[in-house]
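Fold and contact review
If you want the building blocks of each chain, they are given just below.
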Amino acid sequence: DVNSDNKVDADDKAAVAELIANSEYSEAADFNRDNKVNEDDLAVFEGIADEKPVPAKMPKPTVAGGNKKITVKWIKPSDESVTGYTLKYGTTSLNNTKEIAGIDTTSIEITNLSAATQYRVQIAAKNANGTGEFSDIATAGTYEAYVGGGGGSSSGGGGGGGFTPSAPDNTNNT
């Protein structure tokens, strides 16, 4: 650990390379303890790749509730390394969550959900190095469409049908 951050990583590899380039000595970089810092000391970094970061934390997605479904949309990050997304959703504090991995679009509709239920959603971008930090939680409520109607008779009349949401607040980003 050349830079004293308690890990041997790409930053240490770069520091050793700089010491070699400037013909400087540092005991911390003299891994083979031959009292010089040279290419032999870089050998310790074989297999340690240069830093390959995962994508940054995504902004909170937009979520809209529907008839036993939610629709989640997000903005594609400008990071060219992003290859897809992973979404987490659940009903309470994301404790009982489900994950959908391998999403390659910027929206998804999740169906067959419970009616009149608030859902919490988070999204994360992924690249070849892994999955980034999940977004802040966005929420939306589902409802169940009610289609009713009255009967008719030969002498006339009949009732009308209707559509009644049972969850009045299905907005998001709370």
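So, here's what we can say about the structure.

Cut-off values and rules
- Residues numbered from 1 in each chain as written.
- Predicted model: local features only at pLDDT ≥ 70, side-chain atom pairs only at ≥ 80, totals over all residues.
- Heavy atoms only, no water.
- Helix = DSSP H or I, 4+ residues; strand = E, 2+ residues; numbered from the N terminus.
- Buried < 20%, exposed > 50% of the residue type's maximum accessible area, 1.4 Å probe, protein only.
- Contact = heavy atoms within 4.5 Å.
- Core = buried A, V, L, I, M, F, W, Y, C linked by side-chain atoms within 4.5 Å.
- Phe/Tyr/Trp six-rings, centres within 6.5 Å; stacked < 30°, edge-to-face > 60°.
- Lys NZ or Arg CZ within 6 Å of the ring centre and 35° of its normal.

Quick notes on the overall build of the protein
When its secondary structure is counted, the protein shows 2 helices and 8 strands. Across the protein, helices and strands are ordered from the amino to the carboxyl terminus as α-α-β-β-β-β-β-β-β-β. Counting all 174 residues of the protein, 32% fall into the buried class. Counting contacts in the protein only where the partners sit at least 6 residues apart, residues at least 24 apart contribute 60% of the total.

Looking at the side chain of threonine 117
Its location among the elements puts threonine 117 in the loop between strand E5 (107-110) and strand E6 (118-127). Looking at threonine 117, the relative accessible area reads 18%, which means it is buried. Each residue touching threonine 117, except ones within four places of it in the same chain, is listed here: Thr91, Ala140, Gly141 and Thr142.

Observations concerning the nonpolar core
Formed by 19 residues in total, the largest nonpolar core has its most connected members in Ile70, Val72, Trp74, Tyr85, Leu87 and Ile110. Residue assignment for this core shows that the elements contributing at least two residues are strand E2 (69-73), strand E3 (84-90), E5, E6 and strand E8 (138-141). Beyond its immediate stretch of four places on either side in the chain, tryptophan 74 contacts Met58, Pro61, Tyr85, Leu87, Ile103, Thr105, Thr106, Ser107, Ile108 and Ile123. The next biggest cluster of nonpolar side chains, apart from the first, holds 6 residues, and it includes Leu19, Ile20, Ala29 and Val37.

Some remarks on the environment of glycine 66
Topologically, glycine 66 is positioned in strand E1 (residues 62-66). A relative accessible area of 5% places glycine 66 in the buried class. Sequence separation between glycine 66 and alanine 140 is 74 residues, and the spatial gap between their C-alpha atoms is 8.8 Å. Excluding residues that lie within four positions of it along the chain, glycine 66 makes contacts with Gly141, Thr142 and Tyr143.

Some words on the packing of aromatic side chains
Enumeration according to the criterion identifies 1 aromatic pair in this entry. On the numbers, 5.3 Å between centres and 65 degrees between planes, the contact of tryptophan 74 with tyrosine 85 is edge-to-face. Residue tryptophan 74 is found in the loop between E2 and E3, and its partner tyrosine 85 is found in strand E3; the two are separated by 11 residues along the sequence. One exposure class covers both tryptophan 74 and tyrosine 85, and it is buried. Positioned above the aromatic ring of phenylalanine 134 is the side chain of lysine 88, whose terminal nitrogen or guanidinium carbon lies 4.3 Å from the ring centre.

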